[in-house]
Amino acid sequence: MNTTRISKNLQNALNKQITLEAFSAQIYLMLACWADDNRLDGIKSFMMKHSQEERVHMAKIIEYIQERGGSVKIEAIQKPGPEPKNVLQCFEAVLKQEIENTESIYKIVKMCIDEEDWATWNFLQWLVMEQREEEKLALDLLDKAKLAGGANMSDAAKFDFNKTIGQTGQEFPVADNINPLTE
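Because the structure is predicted, anything quoted here is derived from the model rather than measured. (Residues numbered from 1 in each chain as written. Predicted model: local features only at pLDDT ≥ 70, side-chain atom pairs only at ≥ 80, totals over all residues. Heavy atoms only, no water.)

Annotation from UniProt places "binding site: Fe cation" (unreviewed entry) at Glu21, Glu54, His57, Glu98 and Gln131. A stretch of 111 residues holds the annotated residues, and the largest C-alpha distance among them is 12.7 Å, short enough that they meet in one place. In this structure, Glu54 sits in helix α2 (residues 41-67). According to the relative accessible area criterion, Glu54 is buried, its value standing at 0%. Residues in contact with Glu54, not counting those within four places in the same chain, are Glu21, Ser24, Ala25, Tyr28, Glu98 and Asn101. Its place among the elements puts Gln131 in helix α4 (residues 118-147). In this view, Gln131 contacts His57, Glu98, Asn101, Thr102 and Ile105; residues no more than four positions away in its chain are not counted. (UniProt positions renumbered as here; feature names shortened; annotations may be inferred. Helix = DSSP H or I, 4+ residues; strand = E, 2+ residues; numbered from the N terminus. Buried < 20%, exposed > 50% of the residue type's maximum accessible area, 1.4 Å probe, protein only. Contact = heavy atoms within 4.5 Å.)

Written out as structure tokens, the structure is:
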């Protein structure tokens, strides 16, 4: 009797998503290191927290595949792109990565609909909601960076912007505590 409750197709797509979440975590780490090198402690803190959040996403997807009797395959991740040259480029990189994640997740959701895998579709709804929030936050921060002067922001504006980002409320749960039905 076959006890695997998820198709090979969806397993492969979710495994690719795990790799994309790992890559996203690496991008946030690279941005955190860039911020540290540029004495932007608020931005560094923000990026470190978001790197951890991406790892939580990875863990939750891994747990789901395993719960459905599937097989998780951990793949190598690519090196993050070049470091930004300024704060504006930093937050443009954040938005770009979040959009890439969202588009990937949407493709998996469509696969669930096509395969009529309602359990996986339901599982992914927490991630769809998470990505909506992440894109909104990334857009908001990018707008703030533009208002602060964009690529040419003054040192005073950079100081204030860094302070504001450092105070951005961020809480993220551990993977085991995420319940897609209650969030």
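From this point on, the discussion continues.
This next bit is on the pattern of salt bridges. Per the stated rule, a full pass over the model turns up three salt bridges. With its nearest N and O atoms 3.5 Å apart, the salt bridge here joins Asp36 to Lys44. By relative accessible area, which is 36% here, Asp36 ends up partly exposed. As a salt-bridge pair, Lys144 and Asp140 come within 2.8 Å of each other at their nearest N and O atoms. (Salt bridge = Lys/Arg side-chain N within 4 Å of Asp/Glu carboxyl O.)

Take the state of the cysteines next. According to the stated counting rule, one finds zero disulfides in the structure shown. Free of any disulfide, Cys33 has its nearest cysteine sulfur in Cys90, 12 Å distant. (Disulfide = S-S within 2.5 Å.)

Enumeration over the complete set of coordinates arrives at four aromatic pairs. When the centroid spacing of 6.1 Å and the interplanar angle of 50° are considered together, the rings of Phe46 and Phe91 count as tilted. One end of the pair, Phe46, is in helix α2; the other, Phe91, is in helix α3 (residues 87-115), with 45 residues separating them in the sequence. With respect to class, Phe46 is no different from Phe91; both count as buried. Relative to Phe123, the ring of Tyr64 has its centre 4.1 Å away and its plane inclined at 10°; by these criteria the two rings are stacked. (Phe/Tyr/Trp six-rings, centres within 6.5 Å; stacked < 30°, edge-to-face > 60°.)

Helix length check: helix α1 (residues 8-37), at 30 residues, gives a terminal C-alpha distance of 43 Å against a target of 44 Å (1.5 Å per residue), a fit within 8%. Of all 30 residues in α1, 21 are buried; the element is thus mostly enclosed. Residue Arg39 follows α1 closely and has a positive phi angle near 60°. (Expected span 1.5 Å × (residues − 1).)

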